[in-house]
Each structure stands twice: as C-alpha cells, then as structure tokens.
Amino acid sequence: MVIRPKLRLNLWDFRPSNLFSRSVRNDIDGIAVHSLIYMDAPRVGIYRHNSFLKLLARERFNPDIIISHRIPHSVIGDKLSTILSIPQIIGIHSSCIITLREYIQTISKTGGEDISPRNYIEILSRTDRIACRSLSIKNQFLELFPKLSEKVFIANSGISKDKIMVKEDFIKSPYLSDHSTLKIVSVCNLIPRKNIDITLQALSTLSYVIDWHYT
C-alpha cells in the first residue's frame, strides 16, 4: 500500500468537515494508492498517526514493514513502527539533507538541547535501515550522522540496463518508426540538481535526425 500524506495546514478551522481525515483511493498497477488528508492538533487530542491507523484498519491492511520517503514523513513512520511493532526504513533524499542540516543548526543554537517536537536524532537512532537515494546523498548524510553508518545503504533510482539504447539504435527504434515528433516530458522542480540542461544537450544531438518537443 502507498499512502500519500497531506497535512491540513489550517488547524483552526473546526468545521466538522475539517476535523476528520479523508482519503481518496486509486489502484495503479494493482497497488492501492491513497491520498490522505489529515490533521495534527495534539492539544485537542488529534494526532497525525491516528488517521493512518484508521486507514489501515479500514482497508484491513497489516503491513510487515514501513518505508517512509523523506525525513518529515519519518515522524509518522516512527510512531506507526512503534505502535505496530514492525520495522521502518527511511528514504533520504537531497531535500532531507537540507532539512537535517537546518535541524542540527537549530540544536547547536540551543546549546545541544533538542527542543524540536520532531526529534529526528531519536527517530534515526530507532529506525532499522536508512536508504540514501545516491552515493552523494549517502556521503552527505554520514557527514552529519557518522555513527549511523551500519544502517545506511544506497537505493538508486533508475531503469534496467537493457532499456538503455545507444543513439543509433534509438533512432531506428519503433518509437520513431512513424517519423512523428518525439515528445518528452519531465516532471520535477526546475533546479540544478534535476539536470534539465543535460537532457537538453542530449536532445540537441538528435536535432539533425528527428523533430522533438520537450516539456
């Protein structure tokens, strides 16, 4: 099961429709994907993990393991891991490194006292494994938390090598057999580490052979 969490930011709108979590389910390739809108208002007894527990109960889904992508979601994963007595893996992305650096800087300003309600240090110490999304991210993470090296491994994104073709084979492939315009779309933030410039450079080498349109 995949749960896409979205925290309801307006915690002071106490209309009944806003006091309860809501989820929309879509089945994609046989996998249940839930978009869950939830609240977190501890002072009135509404805790973020309750919405996730109710969703699991309603779907009759008993997870064997929790994979929490991005460090902010590990807060929920940590709570569920404790309540359900199952392991958690935290996926560390580039944005997580930024968050963790800011977190450590905040602690250093308080003289080493962790006053954050998230307490990432404790969460990272409790989690079973830590999956860094690249070698670079792993190295940056271990600079911050060298004592956690035994938990850390690399989980690269990517595709199977047999899907990669040299340019000559690609030009002759069924993708271009009808001589239509090659249409490519990237869905990402327009920031340097997404390497859009490299994609444009690669497409420029095809310009003399085919027409292409890049969104």
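Caption draft 1: Structural view of unusual backbone geometry. One non-glycine residue, Asp 29, lies in the positive phi region at around 55 degrees. Topologically, Asp 29 is positioned in the loop between β2 (22-28) and β3 (31-38). Its relative accessible area of 77% is what places Asp 29 among the exposed residues. One non-glycine residue, Arg 70, lies in positive phi territory at about 75 degrees.

Caption draft 2: Looking closely at the packing of aromatic side chains. Tallied over the entire structure, the rule returns three aromatic pairs. Ring centres of Tyr 38 and Phe 52 lie 5.3 Å apart, and the angle between their planes is 65 degrees; on these two criteria the pair is classed as edge-to-face. Residue Tyr 38 is located in strand β3, and its partner Phe 52 is located in helix α2 (residues 48-59); the two are separated by 14 residues in the primary sequence. Residue Tyr 38 is classed as buried on the basis of its relative accessible area, which comes to 4%. Exposure remark for Phe 52: the relative accessible area of 4% places this residue in the buried category.

Caption draft 3: Spotlight on the nonpolar core. Counting 19 residues, the largest nonpolar core has Ile 71, Ile 92, Leu 124, Ile 130 and Phe 141 as the members making the most contacts within it. Of all the elements in the fold, those that place two or more residues in this core are β5 (88-92), α4 (94-109), α5 (120-126), β6 (129-132) and α6 (135-144). Among the elements that make up this core, the one with the highest residue count is α4 (five residues). If sequence neighbours within four positions are ignored, Leu 124 has contacts with Ile 71, Ile 90, Leu 100, Ile 130, Phe 141, Phe 145, Leu 148 and Lys 151.

Caption draft 4: Here's a closer look at the environment of Ile 171. Positionally, Ile 171 belongs in helix α7 (residues 167-171). In this structure the C-alpha to C-alpha distance between Ile 171 and Val 209, which are 38 residues apart in sequence, comes to 7.9 Å.

Caption draft 5: Representation of the packing of α4 against α6. One way to put it is that α4 packs onto α6 with a least axis distance of 10 Å and a crossing angle of 15 degrees. One way to sum up the angle between α4 and α6 is to call them roughly parallel. Crossing geometry of α4 relative to α6 is assigned as left-handed. For the pair α4 and α6, contact is made by Ser 94, Ile 97, Leu 100, Arg 101 and Ile 104 and by Ile 137, Gln 140, Phe 141 and Leu 144, respectively. Taken together, the residues of the contact of α4 with α6 break down into six nonpolar, two polar and one charged.

The rules we used
- Residues numbered from 1 in each chain as written.
- Predicted model: local features only at pLDDT ≥ 70, side-chain atom pairs only at ≥ 80, totals over all residues.
- Heavy atoms only, no water.
- Helix = DSSP H or I, 4+ residues; strand = E, 2+ residues; numbered from the N terminus.
- Buried < 20%, exposed > 50% of the residue type's maximum accessible area, 1.4 Å probe, protein only.
- Phe/Tyr/Trp six-rings, centres within 6.5 Å; stacked < 30°, edge-to-face > 60°.
- Core = buried A, V, L, I, M, F, W, Y, C linked by side-chain atoms within 4.5 Å.
- Contact = heavy atoms within 4.5 Å.
- Axes fitted to C-alpha atoms, helices over the stretch in contact; angles between N-to-C directions.
- Parallel < 35°, antiparallel > 145°, perpendicular 65-115°, else oblique.
- Left-handed = near helix turned anticlockwise from the far one by under 90°.
- Nonpolar A, V, L, I, M, F, W, Y, C, P; charged D, E, K, R; others polar.

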